[in-house]
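Coordinate inspection notes
Chain by chain, the residues run as shown.
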Amino acid sequence: MLQIESVSKRYSTKVLLDDASAHLRPNSRVGLVGPNGAGKTTLFRMILEEESPDKGSIRKRPRLRIGYLPQELETITGKTVLDAAHRDEYPQHEAKRILMGLGFSEIDFDRPVEKLSGGYRMRVALAHLLLSKPDVLMLDEPTNHLDKPTQRWLEKFLLDSDMTLLIISHDTAFLDRVVTHIWELRHHKIEEYRGNYSSFRELRSERDAQLKSSAARQSKEIARVQKFVDRFRYQANKASQVQSRIKQLEKVKLIEIQRDPKRVKFRFPLPSTSGRQVLELTGVSKRYGEKVVYETLDFSMERGQRVALVGENGAGKSTLLKMLAGVLPPDKGKRTVGHGVTLHYFAQHQAETLNPEHTILESLEEVTKHAEMNFLRGIAGAFLFSGLDQKKPIKSLSGGERNRVALARMLVEPANTLLLDEPTNHLDPASVDVLTDAMAEFPGTIVFISHDPTFLARIATRVVEIEDGRARNFIGDYEYYLWKKAQEFESIKETSEELGGTSRTKFSDPTHAMAQQVRTKAPAGDRRDLMKTQARLEKQVSRAESEIAETEAKVKTRDVELADPKLYEEFSKWNVLHQEQDALKRDLERLTARWESLSAELEEVKQKLGALS
């Protein structure tokens, strides 16, 4: 369908592709991966003939229809959601089916596209592409703004279709479920692998190991031959053998081991400490036109918490984060900022707010009045922008590189509270790992939104679920939140099965059966569920108490070690122990808060049981 033949492409001194080749086969689903700035989007543009290769060619099958979803969409004005999706060319019922699968309701069909958020504008464009049924569908980061139900719908749609797919995505779980091949942009070439992303990782590791082994064997053989040449070079009776080996060495094609570019590595600067109460919203309400997002919301957060806001798209997560940041005023209610609180807010489309004409260094200069240029160069270097790259204009950067600039701007001035809306969007997996490491070590307070389960699992110490204008607290990490939701689902399932089983065995009239269940069986069922919940909560409270006791013991032990005067002669050791002590105390605060929440929940269950007895 599409053949990339010996393509080379460079911008100024930066080489993106050098004699790169690949073949896109019919019905294949290919994931295009590589570090930010490696040239993934540029390759897409060359396939679309928006740019030309410096050398080589890209050949396509005659009359090949290509659909393309870019990272950044042009603004559509004067059209409703439904009109923009089907553009008067395709049946409306099919457009409605796809739009509803992408998270729209019938009420949304007549909404103007320009009034939608960036994520929903992307869905309208995606709906139009899916309706047009191209031969090849090219998607650039399609899952960035999709919640889990919508993403599952898209995955099923793509798997059921007969379209050939070429997808840029840093969502490795999405690639694992969808793709049949991987193209990796590495060392200016396109390396092809059969299988999903996990298979690609294994195969690449095997290839690298084999190449390293071959290079080692070659080096050893060259050294052996060179040793012979050096030893017998001036002996006449060995002259022919020496010359033979010299020619042998000249013909050897050296196996080169190319190093991958270094990863982003940084730490957030240490900020001043805030008061215990960081941010609070009291009696807050917010609506957009007729849509009520929050009627009366109370929300607060304390120092050291890392709060994940979760919930479906459109539930109001970004709205809540904006109100916490103070960039969106509530219609009613009060926002209170705690003592000594300093804020950094990273919006979902933060990279889009950068001045495209400014260079990377100029973009960093914008957010400070007193930082020295060498300091700014150091921050840019920490995000892999070095030398002449630091003078590149923002408009020439890829989506991932722009996100790195936006994140780098947060390091110029330290803040003790970070409010982050999808900070990992457009970042390659290696960069996500390092950002996660930096956030895990950050000593301040974080509130964030993310669809990345690994990121959520490593960072969150408290989860707040936004649904129907309410914020429900889960005092624990993301795994605790998932476990809690699974328990609730099982409880609902058991209750449904009990009701269904009784109606089948005892009654022929479903309505009569339901009424009878409410009168006679519900209290017993409630009692059983409450007793199960009580037993589970008692175990959790007991476990929390044990963890608190263990942590308190560790804190006391560390206090004794830190009290030793000799320790102050070894500053590096004292510093390590001191940091460990701070981490233990934060853990103790988190565990205590979780114990308090579980204890309150247990007491509530006991009261309900008492009322039933």
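One can find the structure itself at the top, above this paragraph.
In short, a report on the structure.

**Let's talk about the pattern of salt bridges**
By the definition in use, this model includes 24 salt bridges. With a shortest N-O distance of 2.9 Å, Arg177 and Glu155 are connected by a salt bridge. Placement of Arg177 in helix α6 (residues 172-178) and of Glu155 in helix α5 (residues 148-160) is noted, with a sequence separation of 22 residues between them. Residue classification places Arg177 among the partly exposed positions, given a relative accessible area of 45%. The class for Glu155 is buried, based on a relative accessible area of 7%.

**Looking at the packing of aromatic side chains**
Under the defined criterion, the tally for this structure stands at ten aromatic pairs. When the centroid spacing of 5.0 Å and the interplanar angle of 70° are considered together, the rings of Tyr193 and Phe200 count as edge-to-face. A single burial state applies to Tyr193 and to Phe200, both of which are buried. Aromatic ring contacts, followed pair by pair, group Tyr193, Tyr197 and Phe200 into a single cluster. The ring centre of Phe228 lies 4.0 Å from the NZ or CZ of Arg245, which sits over that ring. The ring of Phe299 has Arg462 lying over it, and the distance from NZ or CZ to the ring centre is 5.3 Å.

**Observations concerning the sheet that holds strand β13 (residues 332-337)**
What the three strands build is an open sheet, ordered β11-β10-β13; its pairing is antiparallel. Each edge of the open sheet carries a strand with a single partner, namely β11 (291-302) and β13. Going from strand to strand, the sheet's axes swing by 10° on average, the running direction of each strand aside. In this sheet, β11 lies alongside strand β10 (residues 277-288) in antiparallel orientation, the contact comprising eight bridges. Along β11, the bridge assignment pairs Lys286 with Tyr294.

**Details of the packing of helix α3 (residues 92-101) against α5**
For any two helices packed against each other, one specifies the crossing angle of their axes together with the interaxial distance. Two elements in contact, α3 and α5, have axes whose closest approach is 9 Å; the angle formed by their N-to-C orientations is 130°. In this view, α3 runs oblique relative to α5, as classed from their interaxial angle. Together, Arg97, Ile98 and Gly101 of α3 and Thr150, Trp153 and Phe157 of α5 make up the contact between the two elements. Split into classes, the residues belonging to the contact of α3 with α5 amount to three nonpolar, two polar and one charged.

**A short note on the sheet that holds strand β14 (residues 343-346)**
Read from one edge to the other, the open sheet built from six strands follows the order β14-β15-β16-β12-β17-β18, with strand pairing classed as mixed. In this open sheet, the two edge strands, each paired with only one partner strand, are β14 and β18 (470-474). Between one strand axis and the next, the sheet turns by 15° as a mean value, whatever way the strands run. Here strand β17 (residues 462-467) runs beside β18; their pairing, made up of five bridges, is antiparallel. Residue pairing for β18: Val463 is matched across the bridge by Phe474.

**Thoughts on helix α9 (residues 317-325)**
Where burial is concerned, most of α9 is hidden: seven out of the nine residues are buried. If you check which residues of α9 are buried, you get Lys317, Thr319, Leu320, Leu321, Met323, Leu324 and Ala325. One or two steps after α9, the chain reaches Gly326, where phi turns positive at roughly 85°.

**Some words on empty space enclosed by the protein**
For the structure on display, the rule yields three cavities of 30 Å³ or more. The space that makes up the largest cavity amounts to roughly 50 Å³. In terms of lining, the largest cavity is formed by Pro70, Gln71, Met122, Asp140, Glu141, Asn144, His145 and His426. Considering only residue class, the lining of the largest cavity consists of two nonpolar, four polar and two charged.

**Details of the environment of Glu312**
Topologically, Glu312 is positioned in the loop between β12 (306-310) and α9. Here the alpha-carbon distance between Glu312 and Asp147, two residues 165 residues apart in the chain, equals 5.6 Å. For Glu312, the contacting residues outside a window of four places in its chain are Asp147, Pro149 and Lys317.

**A closer look at the side chain of Arg462**
By secondary structure assignment, the location of Arg462 is in strand β17. One buried charge, Arg462, has no salt-bridge partner; the nearest side chain with opposite charge is Glu302, at 7.5 Å. A polar contact is formed between the side chain of Arg462 and the side chain of Asn473, at a distance of 2.7 Å.

**Structural notes on the side chain of Thr80**
If you trace the backbone, Thr80 turns up in the loop between β5 (66-69) and α2 (81-86). One polar contact links Thr80 to Asp83, side chain to side chain, over a distance of 3.2 Å.

**Topic: the pairing of strand β3 (residues 29-33)**
With five of five residues buried, β3 lies mostly within the body of the structure. Neither face of β3 is left uncovered, since the one carrying Arg29, Gly31 and Val33 and the one carrying Val30 and Leu32 both have all their residues buried. Here β3 pairs with strand β7 (residues 164-168) via four bridges, running parallel. Across the sheet, Gly31 pairs through a bridge with Ile167, a residue of β7. Pairing geometry for β3 and strand β8 (residues 181-186), over four bridges, is parallel. Bridging from a neighbouring strand, Val30 pairs with His181 of β8.

**Topic: a nonpolar patch on the surface**
Taken together, the side chains of Leu211, Ile255 and Ile257 define a hydrophobic patch exposed on the protein surface, amounting to about 230 Å² of accessible area. With respect to the secondary-structure elements, Ile257 resides in the loop between α8 (239-251) and β10. According to the relative accessible area criterion, Ile257 is partly exposed, its value standing at 48%.

**Focus: the nonpolar core**
Counting 49 residues, the largest nonpolar core has Phe268, Leu420, Met439, Phe448 and Val463 as its most contacted members. The element best represented in this core is helix α12 (residues 399-412), accounting for seven residues. Apart from residues lying up to four places away in sequence, Val463 is in contact with Ala308, Val310, Arg472, Asn473, Phe474, Gly476, Asp477, Tyr478 and Tyr481. In this structure, Leu69, Ala95, Ile98 and Leu131 belong to the second largest nonpolar core, which totals 41 residues.

**Remarks on the packing of helix α7 (residues 197-232) against α8**
Where α7 contacts α8, the two axes come as close as 9 Å, and the packing angle between them is 145°. Our pair here, α7 against α8, has a crossing hand that is left-handed. Mapping the contact onto sequence places Glu221, Ile222, Val225, Gln226, Phe228, Val229 and Phe232 in α7 and Gln241, Val242, Arg245, Ile246, Gln248 and Leu249 in α8. Taken together, the residues of the contact of α7 with α8 break down into eight nonpolar, three polar and two charged.

**Let's talk about unusual backbone geometry**
Positive phi, close to 50°, is recorded for Ser6, a residue that is not glycine. On the secondary structure map, Ser6 appears in strand β1 (residues 2-11). When its relative accessible area of 36% is taken as the criterion, Ser6 is described as partly exposed. For Asn27, which is not glycine, the phi torsion reads 65° and is therefore positive. Topologically, Asn27 is positioned in the loop between β2 (14-24) and β3.

Cut-offs and rules
- Residues numbered from 1 in each chain as written.
- Predicted model: local features only at pLDDT ≥ 70, side-chain atom pairs only at ≥ 80, totals over all residues.
- Heavy atoms only, no water.
- Salt bridge = Lys/Arg side-chain N within 4 Å of Asp/Glu carboxyl O.
- Helix = DSSP H or I, 4+ residues; strand = E, 2+ residues; numbered from the N terminus.
- Buried < 20%, exposed > 50% of the residue type's maximum accessible area, 1.4 Å probe, protein only.
- Phe/Tyr/Trp six-rings, centres within 6.5 Å; stacked < 30°, edge-to-face > 60°.
- Lys NZ or Arg CZ within 6 Å of the ring centre and 35° of its normal.
- Pairing = 2+ DSSP bridges.
- Axes fitted to C-alpha atoms, helices over the stretch in contact; angles between N-to-C directions.
- Parallel < 35°, antiparallel > 145°, perpendicular 65-115°, else oblique.
- Contact = heavy atoms within 4.5 Å.
- Nonpolar A, V, L, I, M, F, W, Y, C, P; charged D, E, K, R; others polar.
- 1 Å grid on protein atoms, 1.4 Å probe; cavity = no way out; pocket = protein on both sides within 12 Å on 5 of 7 lines; lining within 4 Å.
- Points joined across faces, edges and corners; volume = space filled by probe spheres on them.
- Lys, Arg positive; Asp, Glu negative; His and termini not counted.
- Polar contact = N/O pair within 3.5 Å; in protein donor to acceptor, adjacent residues only side chain to side chain.
- Patch = residues over 30% accessible without salt bridge, like charges linked within 9 Å, V, L, I, M, F, W, Y side chains within 5 Å.
- Areas by Shrake-Rupley, 256 points an atom, 1.4 Å probe, with all protein chains shown as cover.
- Core = buried A, V, L, I, M, F, W, Y, C linked by side-chain atoms within 4.5 Å.
- Left-handed = near helix turned anticlockwise from the far one by under 90°.

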